Amino acid sequence: MAAGSSGGRGKVRSQSEADSGFLGLRPTSVDPALRRRRRGPRNKKRGWRRLAEEPLGLEVDQFLEDVRLQERTSGGLISEAPDEKLFFVDTGSKDRELSKKRTKGPKRSLLLKKPLRADLVLENTSKIPAPKDILAHQVPNAKKLKRKEQLWEKLAKQGELPREVRRAQARLLSPPVAKAKPGPQDTVERPFYDLWAKDNPLERPLAGQDAFFLEQTKKKGVKRPPRLHTKPSQAPAVEVTPSGASYNPSFKDHQNLLWEAHQVELQRQKEAEKLERQLALPTAEQAATQESTFEEMCQGLLEESDGEGEPGEGQDKGPEVAGDQAGEDQAGGGAAARLAAVEKKTEQQRRREKAARKLRLQQAAVRAARLRHQELFRLRGIKAQVAQRLAELARRRERRRAQRLAEADKPRRLGRLKYQAPDIDVQLSSELSDSLRTLKPEGNILRDRFKSFQRRNMIEPRERAKFKRKYKVKLVEKRAFREIQL
């Protein structure tokens, strides 16, 4: 074991002596010049690693790293830098004191000019210049522009100039006349006038022209319809809350507000109970049975068979009834025969019918004239009826006007939903605070303004859109979760 270990250490020592380049003192040492170089593939990664581990490869890597460090820190190789950049002339401490005294005054201005630390952090401190952006120096259509410049240089020698140059020369020879700017009019020369009046100075140039022409040429605004000048509701924009909603209300006002909120809750509870009663299932006594269902389905079917006689019904009756039925049958048969035997009307029959019709018309005209003559004697009654009718119409008109005034402050039905008044903002007696710091806020200003728009008929009552998923939710169990076993 010892011999093996000593032999291994000698092999490592001889290898290190061979790498050092000196001749060793051991009998197994070999001259480095006579030692055969190891050869191997250089196009493999193993060959790259072997070359990098050799002394020459290490020296090359260190040299290249030193060059890159000098380029980053000093902007180039120090061996190539001039002396002025590497050295400076020390003139002594007196010159430094004089320079400090001179720069004591403008030192404050230099501090003000010093950039901020935030700007210095963002500056580029690398000495390696940024790569050149080739696209920034490229000009679109450079060859075309160059050929055009050469063409115009050739034409300029012949005395022909481009159009832009000729226009610029023409403007220099005959400059345009400067327009006089309208100065500010004096308030004494221009009297005050009503901007909305019909005879204001702004509309005098448009006086006498066609109104349709002015509207189509946008020189005159469209007349605002009078219905837009009236408010949709006479309700106030901001309603004053009752005194019971104050932060320090009196007992009576607070109890009145609580009673109003209680009545609202009672009405809401009654509506819910009514809806529940209407949608409730029938009880066991009221539930439909098989007999009641069959009886209901047979309603109206038995009435049709009441008039129909049974087969032996006519035979059971006496001979008198049978004889009457036979007589009726004979009378019906004779009438049908007479109708069939009626022939075409004669000329005499037609004349008689025409005369009778004319006589009836004359009698109706005489009767109408007699009634009109009789109405002259009842003018007083007709006037009373007309006055009564006019009074009834006036009474209806006044009732409709009063109803419109009463409903002027109420919200109208503008859409498919009805207006629902907001809840009354009220606090219970136990929630009242004795300090403004511990006061609990009630209500929401945005919701209050939104309800105010609905109450004043400015927007229709709305509800929040219901979320409806377009696709079915698919639940997937991930593999990582499925692999967990408890």
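Quantities reported herein were computed from a predicted structural model and do not represent experimental measurements.

In this model, helix H12 (residues 251-279) (29 residues) spans 42 Å end to end at C-alpha, consistent with the 42 Å of a helix rising 1.5 Å per residue. Here H12 has its buried residues at His254, Leu257, Leu258 and Ala261.

All right, on to the pattern of salt bridges then. Enumeration over the complete set of coordinates arrives at eleven salt bridges. For Arg396, the salt bridge identified is with Glu392, shortest N-O distance 3.3 Å. You can see Arg396 and its partner Glu392 sitting in helix H17 (residues 379-406), four residues apart, about one turn around the helix. For Arg396, a relative accessible area of 34% puts it in the partly exposed group. Several salt bridges converge on common partners, so that one network encompasses Glu265, Arg268 and Asp423.

Take the side chain of Lys451 next. Relative to the assigned elements, Lys451 resides in helix H18 (residues 445-455). As a buried residue without a salt bridge, Lys451 has its nearest oppositely charged side chain in Asp423, at a separation of 8.6 Å. Apart from residues no more than four positions distant in its own chain, Lys451 is found in contact with Tyr419, Gln420 and Pro422.

Position of Asn457 among the secondary structure elements: in the loop between H18 and helix H19 (479-482). Given a relative accessible area of 7%, Asn457 falls into the buried group. Asn457 has contacts with Pro232, Ser233, Lys410, Pro411, Arg412 and Leu414, leaving out every residue within four places of it along the chain.

Attention shifts here to the confidence of the model for the chain. Predicted confidence across the chain gives a mean pLDDT of 78, with 73% of residues reaching 70 or more. Looking at the elements of the chain, mean pLDDT is at its lowest for helix H1 (residues 2-20), recorded as 45, and at its highest for H12, recorded as 94. Across residues 1-20 the pLDDT falls below 50, and counting only partners more than four positions away or on other chains, this stretch makes six contacts in the model. Long-range and interchain partners of residues 305-322, a stretch whose pLDDT sits below 50, account for one contact in this model, where long-range means more than four residues apart.

Calculation criteria
- Each chain has its residues counted from 1, running along the sequence as written.
- With pLDDT at 70 or above as the cut-off, local features in this predicted model cover only qualifying residues; side-chain atom pairs require 80 or more to be listed or tallied, and sums for whole chains, interfaces and linings still use all residues.
- By convention in this description, side-chain values take in all heavy atoms of the structure and omit both hydrogens and water.
- Put simply, DSSP marks the helices as runs of H or I at least four residues long and the strands as runs of E at least two long, and each gets a number from the N terminus on.
- Here a helix's expected span is defined as the number of its residues, less one, multiplied by 1.5 Å.
- Residue exposure (1.4 Å probe, protein chains only): buried if accessible area is under 20% of the type maximum, exposed if over 50%, otherwise partly exposed.
- The salt bridge criterion pairs a side-chain nitrogen of Lys or Arg with a carboxyl oxygen of Asp or Glu, the two atoms within 4 Å.
- In this tally Asp and Glu are treated as negative and Lys and Arg as positive; neither His nor the chain ends contributes.
- Whether two residues touch is decided by their heavy atoms; if any such pair falls within 4.5 Å, the residues are in contact.
- Each residue gets a pLDDT score, which is the predictor's confidence in that residue and runs from 0 to 100.

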